[in-house]
Amino acid sequence: MSYQNSSDPQVLCSSEQLFLQPLWDHLRSWEALIQSPFFPVIFSITTYVAFCLPFVVLDILCSWVPALRRYKIHPDFSPSARQLLPCLGQTLYQHVMFVFPVTLLHWASRPALLPHEAPELLLLLHHILFCLLLFDTEFFVWHLLHHKVPWLYRTFHKVHHQNPSSFALATQYMSVWELFSLGFFDMMNVTLLGCHPLTSLIFHVVNIWLSVEDHSGYNFPWSTHRLVPFGWYGGVVHHDLHHSHFNCNFAPYFTHWDKILGTLRTASVPAR
């Protein structure tokens, strides 16, 4: 994670800063953990597994509660243990063997101090939105190239498409190159915008949640794409079509780039 160094004395907070100050003060009480090289890996894995777990439970319950299938995009599909365990195992392996050494080097080269003041609420929201839009653009270009260039697809991206019907734990079932590419976009954006550490944490949580929801296979009435108007956000239905057809819906979240370049495919999958 990218933190801004701050050695300035504490200044008077604005009303928007005061709104977030109690939360930030609580997080700063864990400063030793947050500043340790272990935190990015622990935070990433814990958040990811916590978001995946409810969908894993739902997949298990679908066998005994058929009514849950009304919300599944593919009602007759439930991931087996032979699909779930390799996905979880690969996520843990890659974070321990590859992500942790990189975060350790970053920590050793750039020790960071946490600022005393919380960010302003409006600035935090603006930064999160801009980070999502930047990430969406970067991943769209990366994703399109890895589908249009056969060598890139075979070498790096094919592993992510080994499960035609996606499920939550398949979200990070990907090559090391893809994992580092997405992580690089994620970190570059918060650095370019000079995001406050609290903003960075919240953005990472939002980004992980949206990616897990996109792969969950569940289309609930409260799913994110139903809450955003005018079809601006594609969501789980949008991304499921990409896994089904391969040649459409390359953006992870929003729909504007696919509309502009003619790669948008839509489907009406109501919550039954």
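As the structure is a computational prediction, the values presented were derived from the model and not from experiment. (Residues numbered from 1 in each chain as written. Predicted model: local features only at pLDDT ≥ 70, side-chain atom pairs only at ≥ 80, totals over all residues. Heavy atoms only, no water.)

**A short note on the UniProt feature "transmembrane region" (unreviewed entry) in the protein chain**
Here comes step 1: Per the UniProt annotation, the sites labelled "transmembrane region" (unreviewed entry) are residues 38-62, 92-109 and 121-145.
Here comes step 2: Regarding residues 38-62, the helix share stands at 92% and the strand share at 0%, and the terminal C-alpha atoms are separated by 36 Å.
Here comes step 3: End C-alpha to end C-alpha, residues 121-145 measures 36 Å, and it is 100% helix and 0% strand. (UniProt positions renumbered as here; feature names shortened; annotations may be inferred. Helix = DSSP H or I, 4+ residues; strand = E, 2+ residues; numbered from the N terminus.)

**Looking at the pattern of salt bridges**
Here comes step 1: The full count for this structure, using the stated rule, is 1 salt bridge.
Here comes step 2: As a salt-bridge pair, Asp 59 and Lys 72 come within 3.1 Å of each other at their nearest N and O atoms. Linking Asp 59 in helix α3 (residues 39-61) with Lys 72 in the loop between α3 and α4 (81-109), this pair joins segments that are 13 residues apart in sequence.
Here comes step 3: Classification of Asp 59 by relative accessible area gives buried; the value is 7%. (Salt bridge = Lys/Arg side-chain N within 4 Å of Asp/Glu carboxyl O. Buried < 20%, exposed > 50% of the residue type's maximum accessible area, 1.4 Å probe, protein only.)

**Describing the side chain of Glu 178**
Here comes step 1: Within the secondary structure, Glu 178 sits in helix α7 (residues 176-192).
Here comes step 2: Here Glu 178 occupies a buried position and makes no salt bridge, while the nearest side chain of opposite charge, Lys 158, is found at 13 Å.
Here comes step 3: In this structure Glu 178 touches Phe 139, Trp 142, Phe 156, His 157 and His 160, once residues within four positions along its chain are discounted. (Lys, Arg positive; Asp, Glu negative; His and termini not counted. Contact = heavy atoms within 4.5 Å.)

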